[in-house]
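# Notes for the structure review
Below, each chain spelled out in residue letters.
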Amino acid sequence: HTVPAPMLKVKMVRIKTAGAIDRVSLDGPDAPNGDTAIGLTFHDGWLYFTHEQKDATFSISRVRPTGGTVEAVLRGIPVTGDHDVNHLFFDKEGTLYFGVGSATNSGVVASADPVNQKWLEKHPEARDLPCRDLKLTAATFDDPKGKTGPYQPLGHADKREIKAEPICTSSIYRLRAGSTTPELVAWGFRNPVGLAMDANGTLLVGMQGADERSTRPITNDPDSVLRVRDGAWYGWPDYGANLTPFSQPPVIDHGASGLAAPDRANLVAATKPHAAICALAVQSDGGVLVAEMGDFKPMTAKDNERAGFQVERIDPGTGTISPYLRNRGTGDAQPASTLDLRNGFERPVDVRI
């Protein structure tokens, strides 16, 4: 259960007493054949997980906890860029929710972006896919490979109208029990990673904010926890994770596209920029635990202030966020390797109760 790590084949293990592990076999024609797995959850006798396929699309599959033949749940989710299909969440009715991340940092493919470079040569056609028809502003961005526009592949900048795609990026979907057709819940999220539900039945999402990279770098965009409302647009790539507009000029003509500014009442709380929220869990008293993987500076930002590497707790009533579990030491939380700890957090990527 992890975040993407290049060149690691998909595997699943069962952790036993004293740290021993058993390999869970993943067999059959629908077994994963790509290099990445992210989400893993147990529901109704099955282990459900998200994983990459050789064609660079993502899939949701399931297998029995004892291992064996993998069954396809959903195939061909079009993610070929920076972010993927993330953690999985089931509600009490057995409806499956999942987030699909953006292809880019802030809406534009860039040849010098260190994250884009990991997939650009193999997938030069990759771009962000909108959930509804959009009209764009005249914003274009200079790149060594040619001017590039938002929602367009590298070196293409001529379109001012972009058509919606059947499955879009920067979105949250639901798959009802027994259905094979996902339904769009909400969109305009840069990378909607962790999902949970509060005591009132409101879906919560942990979103990773934009980085200071690409030809449209964004400075000081925090991560956030948001309340998810059906049909709502959450502003990306023109608004940050805290639902405030970027200082960069917008790339979408909001009025012509029929988009209103995102409702800031849906913001539960924001973390420090680049904390890298990965997962959420709701406590019995309503508190929200947030696993923060930690920053990737200097790739994501030029300053040296550390962020993440801990689990924080949010009081949803006040929006107050405070450390819950972290490595010892004063100041910003640090990974165990920096502190020379044998037992501690390196990059916490999940939290469960």
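Preceding block: the structure.
What you are looking at is a predicted structure, and each value in this text was computed from that prediction instead of being measured. (Residues numbered from 1 in each chain as written. Predicted model: local features only at pLDDT ≥ 70, side-chain atom pairs only at ≥ 80, totals over all residues. Heavy atoms only, no water.)

## Section: the pairing of strand β20 (residues 288-292)
For clarity, the threshold we go by: Only protein chains enter the accessibility calculation, which uses a 1.4 Å probe; a residue whose area is less than 20% of its type maximum is buried, one above 50% is exposed, and one in between is partly exposed. The helix count covers DSSP runs of H or I at least four residues long, the strand count covers runs of E at least two residues long, and both are numbered beginning at the N terminus. When DSSP locates at least two bridges between a pair of strands, those strands are taken to pair.
The buried fraction of β20 is high, at 5 of 5 residues. Both strand β19 (residues 277-282) and β20 contribute to a ladder of 5 bridges, which runs antiparallel. Its bridge partner lying in β20, Leu-280 is registered against Val-290. Two strands pair when backbone bridges link them, and β20 and strand β21 (residues 310-315) are joined in this way by 5 bridges, in the antiparallel orientation. The residue bridging Ala-291 from the neighbouring strand is Val-311, located in β21.

## Things to note about the packing of aromatic side chains
Note the following rule: When two rings of Phe, Tyr or Trp (its six-membered ring) have centres within 6.5 Å they constitute a pair, described as stacked for plane angles under 30 degrees, edge-to-face for angles over 60, and tilted for the intermediate range. Definition used: whenever NZ (Lys) or CZ (Arg) falls within 6 Å of the ring centre and also within 35 degrees of the ring normal, the charge is taken to sit over that ring.
In total, this model carries 6 aromatic pairs according to the counting rule given. Where Tyr-48 meets Phe-90, the ring centres are 4.8 Å apart and the plane angle is 65°; that geometry is what we call edge-to-face. Here Tyr-48, found in strand β5 (residues 46-52), pairs with Phe-90, found in strand β9 (residues 85-90); they are 42 residues apart in sequence, far enough to count as distant. A residue is classified by how much of its surface remains accessible, and Tyr-48, at 8% relative accessible area, is buried. A relative accessible area of 14% places Phe-90 in the buried class. What links up through ring pairs into an aromatic cluster is the set Trp-187, Trp-233 and Tyr-239. Over the aromatic face of Phe-296 sits the side chain of Arg-347, whose NZ or CZ is 3.9 Å from the ring centroid.

## Some thoughts on the sheet that holds strand β18 (residues 267-273)
Applicable threshold: For every element, the axis is a line fit to its C-alpha atoms; helices are fit only across the contacting stretch, and the angle between N-to-C directions ranges from 0 to 180 degrees.
Strands sit in the order β15-β16-β17-β18 across an open sheet of 4 strands; the sheet is antiparallel. In the strand order of this sheet, the two ends are held by β15 (192-197) and β18, each with one partner. The average undirected angle you get between the axes of adjacent strands in this sheet is 15°. Here strand β17 (residues 222-227) pairs with β18 via 4 bridges, running antiparallel. Pairing of Pro-222 across the sheet is with Pro-273, part of β18.

## Observations regarding the nonpolar core
Our working definition: Put simply, buried Ala, Val, Leu, Ile, Met, Phe, Trp, Tyr and Cys residues joined by side-chain atoms within 4.5 Å make one nonpolar core. In this analysis, two residues are considered to be in contact whenever any of their non-hydrogen atoms come within 4.5 Å of each other.
Ranked by internal contacts, the top residues of the largest apolar core, which has 32 residues, are Ile-77, Phe-98 and Ile-252. Counting only elements with at least two residues in this core, the list comes to β5, β6 (58-63), β8 (71-77), β9, β10 (96-100) and β13 (171-175). The contact partners of Ile-252, leaving out residues within four places of it in the chain, are Leu-134, Lys-135, Leu-136, Thr-137, Tyr-151, Trp-233, Pro-237, Asp-238, Ser-257 and Leu-259. If you look at the next biggest cluster of nonpolar residues, it comprises 17 residues, including Ile-172, Leu-226, Tyr-234 and Ala-241.

## Details of the state of the cysteines
Rules: When two cysteine sulfur atoms are found within 2.5 Å, that pair is recorded as a disulfide.
Tallied over the entire structure, the rule returns 1 disulfide. Two residues share a disulfide in this structure: Cys-131 and Cys-168, whose sulfurs sit 2.0 Å from each other. Around the S-S axis, the bridge from Cys-131 to Cys-168 shows a dihedral of about 95° and counts as right-handed. Of the two residues, Cys-131 sits in the loop between β10 and β11 (134-135) while Cys-168 sits in the loop between β12 (161-162) and β13, which places them 37 residues apart along the sequence.

## Considering the sheet that holds β19
As summarised here, the arrangement of the 4 strands in space is β19-β20-β21-β22, forming an open sheet in which the pairing is antiparallel. A strand with exactly one partner marks an edge of an open sheet, and here the two such strands are β19 and β22 (320-326). Neighbour-to-neighbour, the strand axes of the sheet open up by a mean angle of 25°, direction not taken into account.

## Describing the pairing of strand β2 (residues 21-24)
Two elements, strand β1 (residues 12-15) and β2, share 4 bridges in a ladder whose sense is antiparallel. The residue bridging Val-13 from the neighbouring strand is Arg-23, located in β2.

## Here we look at a nonpolar patch on the surface
So the rule is basically this: In this analysis, a patch consists of residues with relative accessible area above 30% that form no salt bridge, clustered at 9 Å for like charges and at 5 Å for the nonpolar side chains Val, Leu, Ile, Met, Phe, Trp and Tyr. Here the open area of atoms and residues is found with the Shrake-Rupley method and a 1.4 Å probe, where only the protein chains shown may cover a residue. The term salt bridge refers to a pairing of a side-chain nitrogen on Lys or Arg with a carboxyl oxygen on Asp or Glu at a separation within 4 Å.
Residues Val-13, Ile-15 and Ile-21 make up a contiguous nonpolar surface patch of roughly 290 Å² in combined accessible area. Structurally, Ile-21 can be placed in strand β2. Assessed through its relative accessible area of 49%, Ile-21 is described here as partly exposed.

## Here's the deal with the pattern of salt bridges
For the structure on display, the rule yields 22 salt bridges. The closest approach of N and O atoms between Glu-305 and Lys-272, which form a salt bridge, is 3.1 Å. You can see Glu-305 sitting in the loop between β20 and β21 and its partner Lys-272 sitting in strand β18, a full 33 residues away along the chain. Residue Glu-305 is classed as partly exposed on the basis of its relative accessible area, which comes to 45%.

## Section: the environment of Gly-317
Within the fold, Gly-317 resides in the loop between β21 and β22. Overall, Gly-317 belongs to the exposed group, its relative accessible area being 69%. Residues Gly-317 and Val-268 lie 49 residues apart in sequence; the distance between their C-alpha atoms is 8.2 Å.

## With respect to the environment of Ala-232
Within the fold, Ala-232 resides in the loop between β17 and β18. Taking C-alpha positions, Ala-232 is 38 Å from Thr-69, a pair spaced 163 residues apart along the chain. Setting aside residues no more than four positions away along its own chain, Ala-232 makes contact with Val-185, Ala-186 and Trp-187.

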